[in-house]
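# Breakdown of the fold
In case you want the letters, here they are:
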Amino acid sequence: MEDVKQIVADIKKGQIKPIYFLMGEEPYYIDAISDFIENNILSEEEKGFNQMVLYGRDVAIDDIVSNAKRYPMMAERQVVIVKEAQDLSRTIENLASYASNPQPTTVLVLNYKYKKIDKRKALYKAIKKQGSVVFESKKLYENQVADWIRRVLSGQNYTISPKASQMLVEFLGTDLSKINNELEKLKIILPEGTQITPEHIEVNIGISKDYNNFELRKAIGERNSVKAFKIVNYFADNPKDNPMVVTISLLFNFFSQLLHFHGLNDKNPRNVASALKINPYFVNEYISAARNFPMRKVSAVISTLREFDVKGKGVNSNAVPQGDLLKELLVKILS
């Protein structure tokens, strides 16, 4: 995120590079930088003759170079953006010759999503040697996304409760574009300065604040069987919105972290949050769950989760409905 801010800040100061090679597994930041360049380097009057958007599936490297070598018309520079440049992965190294001597009046932007170029090869070395930008957009781990949500919102004069951010992560995963789209919807509805709560998420996005994997995990940790079975029954009635594979994955992560918790010598809340890579807000849940699930039981639960993960994928389950499998799983965990 800091690299993105620096790239944007440099462009705003007029420190514009001839090539921006944007690559990596997380498309959100690639799109963010590319869109900023597309919307801000040229004026509206200049864009008609001097801004071109190409697509990797429709062009060859020679086409890109030919367009990049043109001179701008009645403007200081031109912008050439190549979207879906990963479709040129087999020939992308052929761009090295141009990268070694780029047209100074052209801003060439390559959106190379879900892949990376080899840093040992000529293209990467040529781009770096000329002082252009190679930006790698790395996928965030699940335990980093809630903090990303908090930081994005804080820069826009909003806050979010830990539970609300956890609900978004659970429902949308690590797809930053999807999460950002939902945050944009909330910002349209809610005034600046608002703290986004689980109630806001439930009403405006449609994620239940009471019947979700987050609440199931908490109920299991507390050995609150009544609440846990209510949630599982809700999942059984709404299987499309609550796939078993997601539930088992989140429970597996929870009990794996609980096993790690049992192995910690220092169980100070601050150390627990750091070691488990969780928000300090949730530390008490792990402390409570550890009392209810000693280390031997945690190991047994992890083994059971592995067993039901296989069953949920149709192995040795004789087409048992996933709702019934979840109920059986819950019985075994709480027994």
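Details of the structure are given in the entry above.
So, here is what we can say about the structure in this document. (Residues numbered from 1 in each chain as written. Predicted model: local features only at pLDDT ≥ 70, side-chain atom pairs only at ≥ 80, totals over all residues. Heavy atoms only, no water.)

Right, let's get into the pattern of salt bridges. Tallied over the entire structure, the rule returns 22 salt bridges. A salt bridge links R151 to D147, with the nearest nitrogen and oxygen atoms 3.2 Å apart. With R151 and D147 both in helix 7 (residues 142-154), this residue pair falls 4 residues apart, about one helical turn. The exposure class of D147 is partly exposed, given its relative accessible area of 33%. Between K163 and E215 there is a salt bridge, and its shortest N-O distance comes to 2.5 Å. Taken together, the residues K163 in helix 8 (residues 162-172) and E215 in helix 11 (residues 213-221) connect sequence positions 52 residues apart. Overall, K163 belongs to the buried group, its relative accessible area being 17%. A network of salt bridges, in which partner residues are shared, links E307, K311, E328 and K332. (Salt bridge = Lys/Arg side-chain N within 4 Å of Asp/Glu carboxyl O. Helix = DSSP H or I, 4+ residues; strand = E, 2+ residues; numbered from the N terminus. Buried < 20%, exposed > 50% of the residue type's maximum accessible area, 1.4 Å probe, protein only.)

Following the sequence through the fold, K187 ends up in helix 9 (residues 176-189). Only 2.6 Å separates the side chain of K187 from the side chain of Q156, close enough to count as a polar contact. Ignoring anything within four residues of it in the chain, the contact list for K187 reads Q156 and Y158. (Polar contact = N/O pair within 3.5 Å; in protein donor to acceptor, adjacent residues only side chain to side chain. Contact = heavy atoms within 4.5 Å.)

Before going further, it helps to spend a moment on the sheet that holds strand 3 (residues 78-83). Across the sheet, which stays open at both edges, the 5 strands sit in the order 2-3-4-1-5 with parallel pairing between neighbours. The sheet terminates laterally at strand 2 (51-55) and strand 5 (133-136), the two strands that pair on one side only. Each adjacent strand pair in this sheet contributes to an overall mean axis angle of 15°, direction not counted. Here strand 1 (residues 19-24) pairs with strand 4 (residues 106-113) via 6 bridges, running parallel. Within strand 4, the position partnered with M23 by the bridge is Y112. In the packing of helix 1 (residues 2-12) onto the sheet, the strands contacted are strand 1 and strand 5, and the crossing angle to strand 5 comes to about 150°. Relative to strand 5, helix 6 (residues 122-129) is tilted by about 120°, and along the sheet it contacts strand 1 and strand 5. (Pairing = 2+ DSSP bridges. Axes fitted to C-alpha atoms, helices over the stretch in contact; angles between N-to-C directions.)

Below, the discussion takes up the pairing of strand 3. The side chains of a regular strand alternate between the sheet's two faces. In terms of residue burial, strand 3 counts as a mostly covered element, since 5 of its 6 residues are buried. In this structure, strand 2 lies alongside strand 3, joined through 5 bridges in parallel fashion. Note on strand 3: the bridge partner recorded for M52 is V80. One crossover worth recording links strand 2 to the parallel strand 3 by way of helix 4 (residues 61-68), and it is right-handed. Inspection of the sheet shows strand 3 paired to strand 4 by 5 bridges, in the parallel sense. By the bridge assignment, Q78 is partnered in strand 4 with T106. (Right-handed = clockwise from strand over helix to strand, strands pointing away.)

This part covers the packing of helix 7 against helix 8. It is at 9 Å that the axes of helix 7 and helix 8 come closest, and there the two elements cross at 130°. With respect to their mutual orientation, helix 7 and helix 8 come out oblique. Note that helix 7 runs across helix 8; the crossing there is right-handed. Judged by residue contacts, E142, V145, A146 and I149 of helix 7 engage S165, L168 and V169 from helix 8. Here the contact of helix 7 with helix 8 is composed, by residue class, of 5 nonpolar, 1 polar and 1 charged. (Parallel < 35°, antiparallel > 145°, perpendicular 65-115°, else oblique. Left-handed = near helix turned anticlockwise from the far one by under 90°. Nonpolar A, V, L, I, M, F, W, Y, C, P; charged D, E, K, R; others polar.)

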